[in-house]
Amino acid sequence: MTLRLRDIFSTDHKVIGLQFLFMGLGFFALGGLLAMAMRWQLAWPGATDGMPMPLAELIFGWPNGQMPPDVYNATFSLHATVMIFLVIIPLLVGAFGNYLIPLKIGAPRMAFPVLGGLSVWTTLLAGAVLFTGPFLPGGAVETGWTGYPPLSAIWGAGSAPQSGWPVIPLVMVSTAALFLWGFVATNVLRSRWAAVPFAVIAAVVTVLVMQGVAFDGQACWFVSLLLVGIATLLGAINYLATIVLFRCPGMTPSRLPLSVWSLLFTAVLVLLATPVLTGALVMNLLDHHRLTSFFLPGDWLAESRVHPAVAGGGSPLLHQHLFWFYSHPAVYIMILPAFGMVSDILSVFARKPVFGYRPMIYALAAITFLGFFVWAHHMFQSGMNPALGTAFALSTMFIAVPSGIKVFNWLGTLWGGNIHFTTAMWNAVAFVSLFVIGGLSGLFLASTAVNVHLHDTYFVVAHIHYVLFGGSTFGLFAAIYYWYPKFFGRMMNETLGKVHFFGSYVAFNCVFFPMHILGIRGVPRRYFDISHLESFKDLQPLNVFITISAFALGVAQLPLVVNFFGSLIWGKAAPANPWNATTLEWTDAASPPIRENFESRPSVYHGAYEYNNPLSGDDDFLPQSRPVS
Ligand code: HEM
Ligand SMILES: [Cu+2]
């Protein structure tokens, strides 16, 4: 088998989906290692009374193997940025959105095939730029995934514009830029001979521009997020156009699988929210370059650290409003696709129609709409008007209603079902259980009075991990186990799958449940060492327990790695429809599907969840594409 450039720079939505999948899983491993480094520091801070991090002194030159505070800041900032922007969004939206939409709606391709490739290669470039930061003199970004100014506007020690990049980031970014422009050259330029010089020149220009703009870790972070924003926008336009225009005959809106509905609403969220983030990032980047002062107040204590000529007159609070106007909808961008895919999976393995199909769609719509009116629940402690706080507390509690409807309907789907506990199903059920815990802790946080105590503590860390790891990530696991046979034409190993699932489920709860306790005790998030504080001393054993569990959680991912790659070689050949599912990707496409997906254009006669329908004869499922006379 020879791999040609045309295969790498493919515009086939399936190839693009898998490129997103491999990229996202790679970043998942990287983000996980960062988390473990953080946890080591929290369990065994001060190396004299604790355990030095193995090899840290040798590799990084940290005295006594102890992580310096600024490195800790960079580690949690990179961890969260990677997990949110380079793992969950690219995997849920990029990988599964690209792969599944055409197959599920009976289309041979996406509406704009080139946009899909552009978004995957732009995401890779974003990753390369983000990881340029740690190699620059000022060090990596240290302002968390929220990048609040004024902190994000000032320069770290050693930062200075136009200082150029060392070799490693130069290689990383130019390689990624070559991929991006190589894709453009292959698919947009008509002329063959011009392709290579075009790609090379464009990549060089890209690197030069990036060097000028991204002169330190913080600036790299801005540029990286801008690129991710562009990539997700390109994807969203593509999904919307495809779902609206490319459905096969008979695929009416009321027959669309919930996974497709959820991606549609996700695309709406992306389209309406991301431009606001882009605006905020550009303003913040200009402030960081000392060209403007959008977010820098005049009476600010650290004024001496910014250029006196530009500082003043800006509002840090404005940034918080803009940031959360994007980032609250963004948390739904990170969960809605999982909502949809889990709905599909629960129905297949309970051999029952989804309970309340239409209410499920209305709930998605309500979450999408209300999601734009709750952003200031992140700002209760920011000094904004308390009356505003009450309004946002109410809207936040409202949004729990459609979320509750979804949970109720998932349980209704399982109720009385003939449940098949495959690995995919275990992960889907885990998703529901963990999402409930995350939603409930959200309600505590949404109460303005309780929030005074809990804001910026480990309780928030527990909340976000129950929704994003327990929710999005277990949803992602479910989706991987479920669609793997379609992707690669091989079955995964169920035993290894269950080892991975149970190991992850137990370890996950051991890591994140105790964080509720830390939070209620008042332990602040983003501190590199709390062990020396008198009031928290008794909590140190809990921190050690969490860290050991976190390493167990990391180890628990190894069966997934072995299963994922091993099954490519040793997995049993997958039939077209191993799960007896009703939707088109299983009933009308081979495993893996052919280039244009279907031998002939499918027609659809039924909804997506006809399990145990009397019309299906001997089978217990009625494919969407099977006419019934
Ligand atoms: C019932 C639904 C939910 C409610 C009522 C809720 C409420 C809240 C509140 C009030 C906060 C702010 C806490 C603080 O900083 O003081 C918060 C933080 C957060 N929530 Fe939720 N939430 C819900 C669901 C979700 C979901 C589904 C996700 C993601 C998939 C999510 C992700 C986050 C994240 C990432 C943060 C922390 C942001 C930061 O870093 O400061 N939440 N939530
Ligand atoms: Cu929020």
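Rules used throughout
Residues numbered from 1 in each chain as written. Chains lettered and ligands numbered in written order. Predicted model: local features only at pLDDT ≥ 70, side-chain atom pairs only at ≥ 80, totals over all residues. Heavy atoms only, no water. Helix = DSSP H or I, 4+ residues; strand = E, 2+ residues; numbered from the N terminus. Rg over C-alpha atoms; globule rule 2.2 N^0.38 Å. Contact = heavy atoms within 4.5 Å. Areas by Shrake-Rupley, 256 points an atom, 1.4 Å probe, with all protein chains shown as cover. Lys, Arg positive; Asp, Glu negative; His and termini not counted. Charge placed at Lys NZ, Arg CZ, Asp CG, Glu CD. Near = heavy atom within 4 Å. Polar contact = N/O pair within 3.5 Å; in protein donor to acceptor, adjacent residues only side chain to side chain. Donors = N, O, S within 2.8 Å, 3.2 Å for Na, K, Ca; no water. Core = buried A, V, L, I, M, F, W, Y, C linked by side-chain atoms within 4.5 Å. Buried < 20%, exposed > 50% of the residue type's maximum accessible area, 1.4 Å probe, protein only. Patch = residues over 30% accessible without salt bridge, like charges linked within 9 Å, V, L, I, M, F, W, Y side chains within 5 Å. Salt bridge = Lys/Arg side-chain N within 4 Å of Asp/Glu carboxyl O. Axes fitted to C-alpha atoms, helices over the stretch in contact; angles between N-to-C directions. Parallel < 35°, antiparallel > 145°, perpendicular 65-115°, else oblique. Nonpolar A, V, L, I, M, F, W, Y, C, P; charged D, E, K, R; others polar.

### Some points on the overall build of the protein chain
Regarding its fold elements, the protein chain presents 20 helices and zero strands. In summary, the protein chain has a C-alpha radius of gyration of 25 Å against a globular reference of 25 Å for 629 residues, a match within 12%. By principal-axis analysis of the C-alpha atoms, the protein chain measures approximately 80 × 65 × 50 Å. For the protein chain, long-range pairs separated by at least 24 residues make up 80% of all intrachain contacts whose partners lie at least 6 apart in sequence. As displayed, the protein chain offers around 24,500 Å² of accessible surface, 71% of which is attributable to carbon and sulfur atoms. For the protein chain, the separation between the mean place of its 27 positive charges and that of its 24 negative charges on side chains is 11 Å.

### A look at the site of ligand 1
Residues in contact with ligand 1 amount to 22 residues; listed here are only the nearest, W145, N451, H455, H463 and R525. Between an oxygen atom of ligand 1 and a side-chain N or O atom of H455, the distance comes to 2.7 Å. A distance of 2.9 Å is found between a nitrogen atom of ligand 1 and a side-chain nitrogen or oxygen belonging to H463. Counting residues per element, the shell around ligand 1 draws most heavily on helix α14 (residues 423-446), at six residues.

### Comments concerning the coordination of the copper ion (ligand 2)
Four donors placed tetrahedrally around a metal ideally meet at 109.5 degrees, and six donors placed octahedrally ideally meet at 90 or 180 degrees. H328 (ND1), H377 (NE2) and H378 (NE2) make up the full set of protein donors to the copper ion (ligand 2), lying at 1.9 to 2.0 Å. Of note, the donors binding the copper ion (ligand 2) are all from one chain and are spaced H-x48-H-H.

### Side note on the nonpolar core
Counting residues in hydrophobic clusters, the biggest one holds 194 residues, and the most contacted among them are L21, F96, L125, W261, F339, Y482 and W483. Here this core takes 23 residues from helix α4 (residues 69-105), the largest share from any one element. Setting aside its immediate chain neighbours within four residues, Y482 contacts I345, V348, F349, A424, W579, A581 and W586.

### Quick word on the coordination of the iron atom of ligand 1
Just one protein atom coordinates the iron atom of ligand 1, and that atom is H463 (NE2), at 2.1 Å. In this model, the iron atom of ligand 1 sits 4.6 Å from the copper ion (ligand 2). Structurally, H463 is set in helix α16 (residues 458-488).

### Regarding the side chain of S347
Assignment of secondary structure puts S347 in helix α11 (residues 336-350). Residues within four places of S347 in sequence aside, it is in contact with K352, P353, V354, T413, Y609 and Y611.

### Details of the environment of V460
Topologically, V460 is positioned in helix α16. In this structure the C-alpha to C-alpha distance between V460 and M379, which are 81 residues apart in sequence, comes to 13 Å. Ignoring anything within four residues of it in the chain, the contact list for V460 reads L445, L454, H455 and R525.

### Section: a nonpolar patch on the surface
A cluster of nonpolar side chains, namely F22, V555, L558, V561 and F565, defines an oily patch on the protein surface of about 460 Å² accessible area. The element contributing the most residues to the nonpolar patch is helix α19 (residues 558-570), with three residues. Considering the arrangement of structural elements, one finds L558 in helix α19. Overall, L558 belongs to the exposed group, its relative accessible area being 51%.

### Quick look at the packing of helix α5 (residues 113-130) against helix α6 (residues 167-187)
For the pair α5 and α6, interaxial distance at closest approach is 8 Å and the crossing angle is 170 degrees. The angle between the axes of α5 and α6 places the two elements in the roughly antiparallel class. In contact with V114, G117, L118, W121, T122, L124, L125, A128 and V129 of α5, α6 contributes M172, V173, A176, A177, F179, L180, F183, V184 and N187. Of the residues in the contact of α5 with α6, the class split is 15 nonpolar, three polar and no charged.

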